[in-house]
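So the chains spell out like this:
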Amino acid sequence: MKSSSNRRKGRSLAASLLAVIALLVLLCVAATIYWSRQPILVEGKPIEFTVKSGSGVRATAQQMVDAGVPINPMLFTLLVRATGQGGKLKAGQYELKPGVSPLRLMDKIVRGEIAQESVTIIEGWTFRQMRQTLAAHPALRHDAQQLSEAELLTKIGVTEFKQAEGLFFPDTYLFAKGSSELLVYRQAHTALMKRLNEQWAKRDPALPYRSPYEALIMASIVEKETGQKSERGMIAGVFVNRLRIGMLLQTDPTVIYGMGEEYRGNIRKRDLTTDTPYNTYTRKGLPPTPIALPGMQSLVAALNPEATDALYFVARGDGSSQFSSNLNDHNRAVNLYQRSGKTN
């Protein structure tokens, strides 16, 4: 009888221990779930950290802690393994912002949502300005600074052009911190060629361009000739009309580009008569290369110019232009808007 009673007590004790253990496990699970959904940082600056290639779960957790992420590495390891994500963590540079929970952080690393930087290339910039901007960006790896233009183009896979001007689309580009400058050049060139080729395919075959590159040259001139986006189609129409009849383009921005560093903010009469490959007052047709990085509206205008009989235009002084179809009307407009200083 005593033996039977002892067995019953033993079973009862074991059951109690199992119940306690089960309760503790449930409490641990509940606590971990609660912890996994709480912000790691409530406020403060974002913390950057890097997950190295080939890192396991423990190594990833330790790398975060070493970078200053205030997270319990054991709990994070438990979370990753419990959710079956242990083999899915991706290497890269990440950023922990306030409000992000351990669960969301794990998801970012599993998805490879690396911290991204950005750089903006402005419409109308020259390639030189773009290059200076990329060379000064603190988040880029500067491995293109010693390359010539031709070498740079070769590095990004461009073989049909030897000069870089105009070959990059002005836009905002995202990249991981520490990326090569060449990545941005490659992205910007790909974006430019995609848009140029799309517009070229839809062009009127009667346009006086022998190649998409000539259309790009025209787009760069249109980009520099006016700040009024609504007038770009008309500006392109004037220059297309001039090309068709063999008339000099006579556009100041090409002269300025040809002057290079000699330009001091003002064009003199002798600058207009000094011949350079870009002086459209002394040479017929388009200049040999683009003179700037044209934006989308200028590309569209160059390949879809407005139908007009205008051959001249002059700035009114308010940002808009007065268009004329003959020299007499143009001279009157020049006297009205430039020599007299009047505006509408």
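Note: the structure precedes this text.
Residues numbered from 1 in each chain as written. Predicted model: local features only at pLDDT ≥ 70, side-chain atom pairs only at ≥ 80, totals over all residues. Heavy atoms only, no water.

Caption draft 1: The nonpolar core, seen in detail. Membership of the largest hydrophobic core comes to 59 residues, with the highest contact counts inside it found for Met130, Leu152, Phe168, Tyr185, Tyr209 and Met218. The set of elements that each furnish at least two residues to this core consists of helix H5 (127-136), helix H6 (149-155), strand E4 (172-176), helix H7 (181-201), helix H8 (212-225), helix H9 (232-245) and helix H12 (296-303). If one sorts the elements of this core by residue count, H7 sits on top with nine residues. Setting aside its immediate chain neighbours within four residues, Met130 contacts Ile121, Trp125, Phe168, Tyr185, Ala188 and Leu293. Grouped together as the second largest cluster of nonpolar side chains are 22 residues, Ile71, Leu79, Val100 and Met106 included. (Core = buried A, V, L, I, M, F, W, Y, C linked by side-chain atoms within 4.5 Å. Buried < 20%, exposed > 50% of the residue type's maximum accessible area, 1.4 Å probe, protein only. Helix = DSSP H or I, 4+ residues; strand = E, 2+ residues; numbered from the N terminus. Contact = heavy atoms within 4.5 Å.)

Caption draft 2: Spotlight on the pattern of salt bridges. Within the structure shown, the criterion is met by 13 salt bridges. For Arg141, the salt bridge goes to Asp143, with nearest N and O atoms at 3.5 Å. Overall, Arg141 belongs to the partly exposed group, its relative accessible area being 45%. Residues Arg332 and Asp329 are paired through a salt bridge, measuring 2.2 Å at the closest nitrogen-oxygen approach. Here Arg332 pairs with Asp329, and both are found in helix H13 (residues 327-339), just three residues apart, close to one helical turn. Under the relative-accessibility criterion, Arg332 is labelled exposed at 52%. Residue classification places Asp329 among the partly exposed positions, given a relative accessible area of 30%. It is possible to trace a salt-bridge network through shared partners that takes in Arg104, Asp107, Arg111 and Glu113. (Salt bridge = Lys/Arg side-chain N within 4 Å of Asp/Glu carboxyl O.)

Caption draft 3: Here's a closer look at the packing of aromatic side chains. In this structure the tally under the stated criterion is eight aromatic pairs. Considering the side-chain rings of Phe127 and Phe168, the 5.5 Å spacing of their centres and the 20 degrees angle between planes classify their relative orientation as stacked. Placement of Phe127 in helix H5 and of Phe168 in the loop between H6 and E4 is noted, with a sequence separation of 41 residues between them. Centroid distance Phe313 to Phe323: 5.9 Å. Interplanar angle 45 degrees. Geometry classified as tilted. Of this pair, Phe313 sits in strand E5 (residues 312-315) while Phe323 is found in strand E6 (residues 321-324), placing the two residues ten residues apart along the sequence. Each member of the aromatic cluster is reached from another via a ring pair, and the members are Phe127, Phe168 and Tyr185. Of note, Arg203 hangs over the ring of Trp200, and the distance from its end group to the ring centre comes to 3.7 Å. (Phe/Tyr/Trp six-rings, centres within 6.5 Å; stacked < 30°, edge-to-face > 60°. Lys NZ or Arg CZ within 6 Å of the ring centre and 35° of its normal.)

Caption draft 4: Spotlight on the side chain of Ser180. Checked against the element boundaries, Ser180 lands in the loop between E4 and H7. Here Leu182 takes part through its backbone nitrogen, which lies 3.0 Å from a polar atom of the side chain of Ser180. (Polar contact = N/O pair within 3.5 Å; in protein donor to acceptor, adjacent residues only side chain to side chain.)

Caption draft 5: How the structure looks around the packing of H7 against H12. Where H7 contacts H12, the two axes come as close as 10 Å, and the packing angle between them is 25 degrees. By the angle between their axes, H7 is roughly parallel relative to H12. Relative to H12, the crossing made by H7 is right-handed. For the pair H7 and H12, contact is made by Leu192, Arg195, Leu196, Gln199 and Trp200 and by Met296, Leu299, Val300 and Leu303, respectively. (Axes fitted to C-alpha atoms, helices over the stretch in contact; angles between N-to-C directions. Parallel < 35°, antiparallel > 145°, perpendicular 65-115°, else oblique. Left-handed = near helix turned anticlockwise from the far one by under 90°.)

Caption draft 6: Structural view of the pairing of strand E2 (residues 92-96). Residues Gly92, Tyr94 and Leu96 point to one face of E2 and are all buried, whereas Gln93 and Glu95, pointing to the other face, are not buried. Where strand E1 (residues 47-51) meets E2, five bridges bridge the pair, whose relative direction is antiparallel. Bridge pairing in E2 links Thr50 to Gln93. (Pairing = 2+ DSSP bridges.)

Caption draft 7: Region of the structure containing the side chain of Thr226. As for its placement among the helices and strands, Thr226 is situated in the loop between H8 and H9. Within polar-contact distance, the side chain of Thr226 engages the backbone nitrogen of Gln228 at 2.9 Å. Apart from the residues lying within four places of it in its own chain, the contact partners of Thr226 are Glu231, Arg232, Ile235 and Gly319.

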